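Examining the three-dimensional arrangement
What follows is the residue order along each chain.
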Amino acid sequence: EPEVTQTPSHQVTQMGQEVILRCVPISNHLYFYWYRQILGQKVEFLVSFYNNEISEKSEIFDDQFSVERPDGSNFTLKIRSTKLEDSAMYFCASSEVRLAGVETQYFGPGTRLLVL
Amino acid sequence: RKEVEQDPGPFNVPEGATVAFNCTYSNSASQSFFWYRQDCRKEPKLLMSVYSSGNEDGRFTAQLNRASQYISLLIRDSKLSDSATYLCVVVDSNYQLIWGAGTKLIIKP
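Below or above, wherever it landed, is the structure these notes cover.

Conventions and cut-offs
Residues numbered from 1 in each chain as written. Chains lettered and ligands numbered in written order. Predicted model: local features only at pLDDT ≥ 70, side-chain atom pairs only at ≥ 80, totals over all residues. Heavy atoms only, no water. Buried < 20%, exposed > 50% of the residue type's maximum accessible area, 1.4 Å probe, protein only. Helix = DSSP H or I, 4+ residues; strand = E, 2+ residues; numbered from the N terminus. Pairing = 2+ DSSP bridges. Contact = heavy atoms within 4.5 Å. Buried area = accessible area lost by both parts, 1.4 Å probe. Salt bridge = Lys/Arg side-chain N within 4 Å of Asp/Glu carboxyl O. Polar contact = N/O pair within 3.5 Å; in protein donor to acceptor, adjacent residues only side chain to side chain. Nonpolar A, V, L, I, M, F, W, Y, C, P; charged D, E, K, R; others polar. Patch = residues over 30% accessible without salt bridge, like charges linked within 9 Å, V, L, I, M, F, W, Y side chains within 5 Å. Areas by Shrake-Rupley, 256 points an atom, 1.4 Å probe, with all protein chains shown as cover.

Focus on the pairing of strand β9 (residues 88-95) of chain A
Residues and elements named next belong to chain A.
- For β9, the buried fraction is high: 8 of the 8 residues fall into the buried class.
- Neither face of β9 is left uncovered, since the one carrying A88, Y90, C92 and S94 and the one carrying M89, F91, A93 and S95 both have all their residues buried.
- Where strand β4 (residues 31-37) and β9 come together, 7 bridges link them in antiparallel fashion. Paired with Y33 across the strands is A93, a residue of β9.
- Pairing of β9 with strand β11 (residues 111-115), which is carried by 3 bridges, proceeds in the antiparallel orientation. Residue pairing in the sheet places A88 in a bridge with L113 of β11.
- Direction of pairing for β9 relative to strand β10 (residues 106-107): antiparallel, over a ladder of 2 bridges. By the bridge assignment, S94 is partnered in β10 with Y106.

Pasting the structure below:
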């Protein structure tokens with residue numbers, strides 16, 4: 001069964017450093033998403049991406065964040081200058097179609113980011 | 001008022017029992033509704049969609065009450081492997097997934 005993969009599984013970084021989280025969505029999917037989940041808290045939407053551009057983003061997704069699809073398979077989330085409060089699990093998801101009904105978003109296993 | 005609200009639990013339930021939990025949402029224009037399950041430190045996985053007429057998938061039954069703005073999940077004949085956090089997800093008019101904080105379920109032998 002096809003699945004979303006994410007690397008690295010864990011990332012430790014110093015405050016102020018840049019990190020890039022990588023995702024390989026399911027190959028025939030067209031919509032890509034990033035979510036984060038701070039430990040013990042709810043999942044929060046960050047951004048959705050379609051046709052090589054951002055389609056929606058949340059208030060959390062400020063100027064320190066950016067997303068890119070550098071090639072035909074990878075989808076990346078860059079955090080330019082990490083803050084302590086960026087420590088969280090970051091989930092990538094992809095879906096075949098726009099979520100307007102019962103289409104499923106498939107989630108990757110997540111990258112646990114720890115900012116020291 | 002939170003957009004999507006769930007009782008955090010934990011619900012401690014003996015194996016074989018029936019358990020139900022609700023989720024309330026604040027936006028009456030919400031489009032679609034889902035239950036996801038999340039095991040500790042794992043990614044959310046879709047459990048089932050929630051249809052207006054209610055739907056059943058094996059031991060799981062989901063219902064939607066638009067008038068009162070809540071959805072429910074019923075688990076019959078609970079199994080140890082049902083232990084997880086159950087996340088209520090509401091899709092708003094911008095197609096964004098709005099997540100509840102989850103209800104923790106512990107099934108005891």
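Regarding the interface of chain A and chain B
- Every contact between the two is made by 22 residues of chain A and, on the other side, 20 residues of chain B.
- Taking both sides of the interface into account, the surface hidden between chain A and chain B amounts to around 1,800 Å²; carbon and sulfur atoms contribute 59%.
- Between the two partners, chain A and chain B, sit 0 salt bridges.
- If you look at where chain A meets chain B, you find 1 residue pair in polar contact (both at pLDDT 80 or more).
- Of all the elements in the fold, those that place two or more residues in the side of chain A that touches chain B are β4, β5 (43-50), β6 (53-57) and β9 of chain A.
- Looking at the side of chain A that touches chain B, its residues break down into 11 nonpolar, 5 polar and 6 charged.

Focus on a nonpolar patch on the surface
- Among the surface-exposed residues, V12, L114 and L116 of chain A lie close enough to one another that they form a single nonpolar patch of about 270 Å² accessible area.
- We classify L114 of chain A as partly exposed; its relative accessible area is 39%.

What to know about the side chain of Q6 of chain A
Residues and elements named next belong to chain A.
- Looking at the element boundaries, Q6 is found in strand β1 (residues 5-7).
- The class of Q6 is buried, set by a relative accessible area of 7%.
- A distance of 2.9 Å separates a polar atom in the side chain of Q6 from the backbone oxygen of Y90.

A word on unusual backbone geometry
- The step from T7 of chain A to P8 of chain A runs through a cis peptide bond, and the omega angle for that step is -10 degrees.
- The topology assignment puts P8 of chain A in the loop between β1 and β2 (10-13).
- For the bond running from G9 of chain B to P10 of chain B, omega is 5 degrees, close enough to zero to count as cis.
- Tracing the chain through its elements places P10 of chain B in the loop between β1 (4-6) and β2 (11-14).
- Even without glycine at this site, N52 of chain A takes up a positive phi of about 65 degrees.
- Mapping N52 of chain A onto the fold places it in the loop between β5 and β6.
- Classification of N52 of chain A by relative accessible area gives exposed; the value is 59%.
- With a phi close to 65 degrees, R41 of chain B is a non-glycine residue in the positive phi region.
- Examined against the element boundaries, R41 of chain B turns out to sit in the loop between β4 (32-38) and β5 (45-50).
- Assessed through its relative accessible area of 52%, R41 of chain B is described here as exposed.

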